2 protein chains.
Amino acid sequence: MLNVSSDVQRQFAVHPTFTARCGIDGMEGLVGRTSFVRRKVKCREHLFHAGQPRRSLFLVHAGTFKISMVTADGREKVAGFRYAGELLGLDALDIPSYACDVVALEDAEVWELPCSELTEERFEFVRWITSTLASEVRRDWNWMLTLGTLNAEQRVTAFLLDLAARMASMGFSERRFLLRMTRADIGSFLAIKLETVTRALSRLQTRGMISVRGRSIDLLDAARMRASLESEDRAGQVRMPRRRAAGGLPFTSTGRSVTALQAAA
Amino acid sequence: MLNVSSDVQRQFAVHPTFTARCGIDGMEGLVGRTSFVRRKVKCREHLFHAGQPRRSLFLVHAGTFKISMVTADGREKVAGFRYAGELLGLDALDIPSYACDVVALEDAEVWELPCSELTEERFEFVRWITSTLASEVRRDWNWMLTLGTLNAEQRVTAFLLDLAARMASMGFSERRFLLRMTRADIGSFLAIKLETVTRALSRLQTRGMISVRGRSIDLLDAARMRASLESEDRAGQVRMPRRRAAGGLPFTSTGRSVTALQAAA
DNA sequence: CGCTTCGTTGACCCCGTTCAACACAAGTGG
DNA sequence: CCACTTGTGTTGAACGGGGTCAACGAAGCG
């Protein structure tokens, strides 16, 4: 059950001085003078399992990873997805074992950063880790907000827009991209069923906002998608809020406060 | 809108060497040689607002705080509650302004830790912050798992058990305690409506698992409450899983894997 | 070629939302 | 003192979004 990261191809070990540019929240910090190991992980292989001893962090260099946990009664729940430039294993920094499962959704490469490098001499490295953790907390809160206030179709919309933003930050097209995860994975992450994900995608396509062909997604009207997130909460009931002052305030939201999307990106 | 932390009573400033025992994940770390300021915050007062410049972290010394965010269309979403021994403001460590609102739900006291203390010379302090952030990420993931897999009544049950565990860790009774937050706050956090919270509490009381009188809660059968979390997901439909092996497996869950509760505590 | 995994769509129905009414306590001002 | 307001909590009735179940098609693979 735990003999996993052994089947990950261990590649040439290097101990150079490398500079990692990380697009996380504008922090382009250097991870100075840190020895690391490159690893290739093939599609569907686990990078690590919950319960395995935590010895390293992993910087995603290429590919897509799925983070998942297991409920008390054995079902899987997806906690997130990670792309190039993001870190894996951070959540277990203060405990001896990893707390989640991480599996590659396509052939991928990671840079393994031994936790032994997290010393006083590598203060800038530690600082970078801390910053990344803080932004991770904000991202999680934003998703909790998204899942707690939006209906199924809006959640899928938010998911696609978030993905598009990540694609853009990685230099890929933000209009046309491939979903590397199944509908079940998306549904698990968004706390809806896979049939609901399918139905939401179909409806968005019917409305001309996206084009879906299997896992290939084409965003046809991102502006309208973003607009659809800013009103009509759970169930489109609105029901005219019982006359309020005069004029009945229109729905042209003067977008104050951060939308879940911007912050999650 | 932002002239808030000014109405917080600034108390005698001290610059001693203090040792904070923090019950977070068994880490009883010292926050060595750090200057801090004690502040009292009265019920309903904000400790800080989203958007305010972030200059300090806050260690809750006494009282209860509510963390909330604002959706794109102006509604509030509760992101969590914090009690004695926990930190506030961590999520904004890598950005110049606080990212959420924090308000006291009862008269409280915090220790203000200036972020300027987060230097290389205070490496142990930084390390403690990092560890706390990691456990915060895990806690958030566990709540996402809870909200994504349990129905309304189970969420309320999980909330009460989590609260009981926190009370116990603070030396209070884990059987009888007061809710410092409204039904609306609980519902916002659990992604259900306040009426649903009320109904769930009433039903738990009817079943003899708890006793409710306003905000006073009495856990009468915590064991049965814990057991109720380990099966019957969303909507009690079960529908007899089409005959499985022999014997129709009883509901005496052999609690393998971590329950959301244990991890969230 | 089966075999498995994945995706789509339709029909039915239940849990939680919505709306409404009411109870209760705490201020507040006359 | 009462009247009034505001915030909070409880409960009932009705509705609908999304879950459940089922059937089918498509794609990948040994």
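Residues numbered from 1 in each chain as written. Chains lettered and ligands numbered in written order. Predicted model: local features only at pLDDT ≥ 70, side-chain atom pairs only at ≥ 80, totals over all residues. Heavy atoms only, no water.

### A look at the side chain of Glu86 of chain A
All names here are of chain A. Our working rule: Labels follow the DSSP assignment, with helices taken as runs of H or I lasting at least four residues and strands as runs of E lasting at least two, numbered in each case from the N terminus. Between N or O atoms, a polar contact is any pair within 3.5 Å; within protein, one atom must be a potential hydrogen donor and the other a potential acceptor, and residues adjacent in sequence are included only when both atoms are from side chains.
Inspection of the secondary structure puts Glu86 in the loop between strand 6 (76-82) and strand 7 (87-88). Within the local environment of Glu86, its side chain forms a polar contact with the side chain of Arg139, the two groups lying 2.7 Å apart. Within polar-contact distance, the side chain of Glu86 engages the side chain of Arg166 at 2.8 Å.

### A few points about the pairing of strand 5 (residues 65-70) of chain B
All names here are of chain B. Note the cut-off: Classification of residues uses two cut-offs on accessible area relative to the type maximum, computed with a 1.4 Å probe and protein chains only: under 20% is buried, over 50% is exposed, and between them is partly exposed. By the convention used here, strands pair only if DSSP detects at least 2 bridges between them.
Among the six residues that make up strand 5, five are buried, leaving the element largely enclosed by the rest of the structure. Pairing of strand 5 with strand 6 (residues 76-82) involves six bridges; the strand directions are antiparallel. Residue pairing for strand 6: Val70 is matched across the bridge by Glu76. Linking two consecutive strands that pair antiparallel, namely strand 5 and strand 6, is a turn of five residues; a positive phi of about 95° is found at Gly74 within it. Pairing between strand 5 and strand 8 (residues 101-104): four bridges, direction antiparallel.

### Examining the environment of Thr64 of chain A
Mapped onto the elements, Thr64 of chain A comes out in the loop between strand 4 (56-62) and strand 5 (65-70). Side chain to side chain, Thr64 of chain A and Glu106 of chain A meet in a polar contact 2.6 Å long.

### Some details on the pattern of salt bridges
Quick note on the threshold: Any carboxyl oxygen of Asp or Glu within 4 Å of a side-chain nitrogen of Lys or Arg constitutes a salt bridge here.
In this structure the tally under the stated criterion is 38 salt bridges over all chains. In this structure, Asp162 of chain B and Arg166 of chain B form a salt bridge, with 3.5 Å as the shortest nitrogen-oxygen distance. Residue Asp162 of chain B and its partner Arg166 of chain B are both found in helix 2 (residues 152-169); the two are separated by four residues, about one turn of the helix. Given the relative accessible area of 10%, Arg166 of chain B is considered buried. Among the charged side chains, a salt-bridge network with shared partners connects Arg82, Glu86, Glu136, Arg139, Asp162 and Arg166 of chain A.

### Structural notes on helix 3 (residues 183-190) of chain A
Within helix 3 of chain A, seven of the eight residues are buried, leaving the element largely enclosed by the surrounding structure. Ala191 of chain A, located one to two residues past helix 3 of chain A, shows a positive phi value of around 60°.

### Considerations on the relation of the copies chain B and chain A
Note the following rule: The fit set for superposing copies consists of C-alpha atoms from residues with pLDDT of at least 70 in both; the fit itself is least squares. Contacts between residues were defined by any pair of non-hydrogen atoms, one from each residue, lying within 4.5 Å.
By a simple turn and slide, chain B fits onto chain A: the slide is 0.0 Å along the axis, the RMSD is 0.0 Å, and the turn is 180°. The superposition of one copy onto the other is thereby described by a two-fold rotation axis. Mapped onto chain A, 100% of the interface residues of chain B again fall at the interface, so both copies present the same surface.

### Overview of the interface of chain B and chain A
Our working definition: Put simply, buried area is the surface a 1.4 Å probe can reach on two separate parts but cannot reach once they are joined, added for both. Residues are grouped as follows: nonpolar covers Ala, Val, Leu, Ile, Met, Phe, Trp, Tyr, Cys and Pro; charged covers Asp, Glu, Lys and Arg; every other residue, Gly included, is treated as polar.
Taken together, the contact between chain B and chain A spans 52 residues of the former and 54 residues of the latter. With both sides pooled, the region where chain B packs onto chain A buries about 4,600 Å², and carbon together with sulfur makes up 67% of that total. Broken down residue by residue, the surface that chain B buries against chain A is led by Phe123, Trp141 and Met144 of chain B, which jointly contribute 16%. Here Asp94 of chain A and Arg138 of chain B are joined by a salt bridge, their closest N and O atoms 2.7 Å apart. Taken together, the links from chain B to chain A amount to nine residue pairs in polar contact (both at pLDDT 80 or more). Those elements giving two or more residues to the side of chain B that touches chain A turn out to be strand 5, strand 6 and helix 1 (123-149) of chain B. Looking at the side of chain B that touches chain A residue by residue, the classes come out as 25 nonpolar, 11 polar and 16 charged.

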